[in-house]
Amino acid sequence: QKEVEQNSGPLSVPEGAIASLNCTYSDRGSQSFFWYRQYSGKSPELIMFIYSNGDKEDGRFTAQLNKASQYVSLLIRDSQPSDSATYLCAVKLATDSWGKLQFGAGTQVVVTP
Amino acid sequence: GAGVSQSPSNKVTEKGKDVELRCDPISGHTALYWYRQSLGQGLEFLIYFQGNSAPDKSGLPSDRFSAERTGGSVSTLTIQRTQQEDSAVYLCASSFRPRGTEPQHFGDGTRLSIL
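Here is a short report on the structure shown in this document. (Residues numbered from 1 in each chain as written. Chains lettered and ligands numbered in written order. Predicted model: local features only at pLDDT ≥ 70, side-chain atom pairs only at ≥ 80, totals over all residues. Heavy atoms only, no water.)

## Some points on the overall build of chain A
Working step 1: Along its length, chain A carries zero helices and 11 strands.
Working step 2: Beginning at the N terminus, the succession of helices and strands in chain A can be written as β-β-β-β-β-β-β-β-β-β-β.
Working step 3: In terms of C-alpha radius of gyration, chain A reaches 13 Å, essentially the compact-globule figure of 13 Å for 113 residues.
Working step 4: When its C-alpha atoms are laid out on the principal axes, chain A stretches across 45 × 30 × 20 Å.
Working step 5: The 113 residues of chain A split such that 46% are buried. (Helix = DSSP H or I, 4+ residues; strand = E, 2+ residues; numbered from the N terminus. Rg over C-alpha atoms; globule rule 2.2 N^0.38 Å. Buried < 20%, exposed > 50% of the residue type's maximum accessible area, 1.4 Å probe, protein only.)

So this is what it looks like as structure tokens:
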């Protein structure tokens, strides 16, 4: 079992709709969770981070964390064509002392006009 | 302020040659990480620096890979006797502190192609 799992997609979303991305992780003690956006040929760009159970909103983005279910999600409201990218879920494992990130394989999102 | 800077942005070299990749982290960031992203693959951790020390080298794929960091700032990743499987994008990230909730910020990467 991979430590961080995401659906690879592609997730096709009509413009203006909500994109819902899911991520599960295996290390129950993990405390820090990050969402990065990666455009094709570019480096990952941090868009959200969450540490506490519940929801965290930043503009059109909402991260949701449920530690009991070992599940973190990202919602993108009012999706725009510029949101078309691969979204990477990253976790700082509780078993790691040095803060390295464990990444999922990424979910490709395609927003269609 | 300036972000993480990596050079070169692209590097093409022949199999068997040595290459050096450079990373200049965000000023004041003590933690520096190297990752690798191969075509169609996820990001793979290589090595972590805290200051000039590398307490976690667990991701280096072979002894052909080495890295150093000087002055608690610039880091160099060296690959000796390159192989075609070394072709990937090499990404550097830095953070203010390694643990807890500090996010990592990535540079633009070095795209390495081994002919």
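## Section: the layout of surface pockets
Working step 1: Computed from the structure, the largest pocket encloses a volume of approximately 660 Å³.
Working step 2: Forming the walls of the largest pocket are 32 residues, and the residues nearest its centre are Q38, G41 and K42 of chain A together with Q37 and R111 of chain B.
Working step 3: When residues of the lining of the largest pocket are traced back to their parent elements, those giving at least two are β9 (85-92) and β11 (107-112) of chain A together with β9 (88-95) and β11 (110-114) of chain B.
Working step 4: With four residues, the single largest contributor to the lining of the largest pocket is β11 of chain B.
Working step 5: Its residues placed into classes, the lining of the largest pocket shows 11 nonpolar, 18 polar and three charged.
Working step 6: Of the volumes computed, that of the second largest pocket is approximately 150 Å³.
Working step 7: If you go around the second largest pocket, the residues you meet are K2, E3, V4, Q102, F103, G104 and A105 of chain A together with G42 and L43 of chain B. (1 Å grid on protein atoms, 1.4 Å probe; cavity = no way out; pocket = protein on both sides within 12 Å on 5 of 7 lines; lining within 4 Å. Points joined across faces, edges and corners; volume = space filled by probe spheres on them. Nonpolar A, V, L, I, M, F, W, Y, C, P; charged D, E, K, R; others polar.)

## Some points on the sheet that holds strand β3 (residues 19-24) of chain B
Residues and elements named next belong to chain B.
Working step 1: Within the open sheet, the four strands sit side by side as β1-β3-β8-β7. Their pairing is antiparallel. Of all the strands in the sheet, the pair left with one neighbour each is β1 (5-7) and β7 (65-69). Neighbour to neighbour, the strand axes of the sheet diverge by 15° on average, direction disregarded.
Working step 2: Of the strand pairs in this sheet, β3 and strand β8 (residues 75-79) are connected by five bridges, and their pairing is antiparallel. Residue L21 lies in a different strand from β8, and its bridge partner there is L77. (Pairing = 2+ DSSP bridges. Axes fitted to C-alpha atoms, helices over the stretch in contact; angles between N-to-C directions.)

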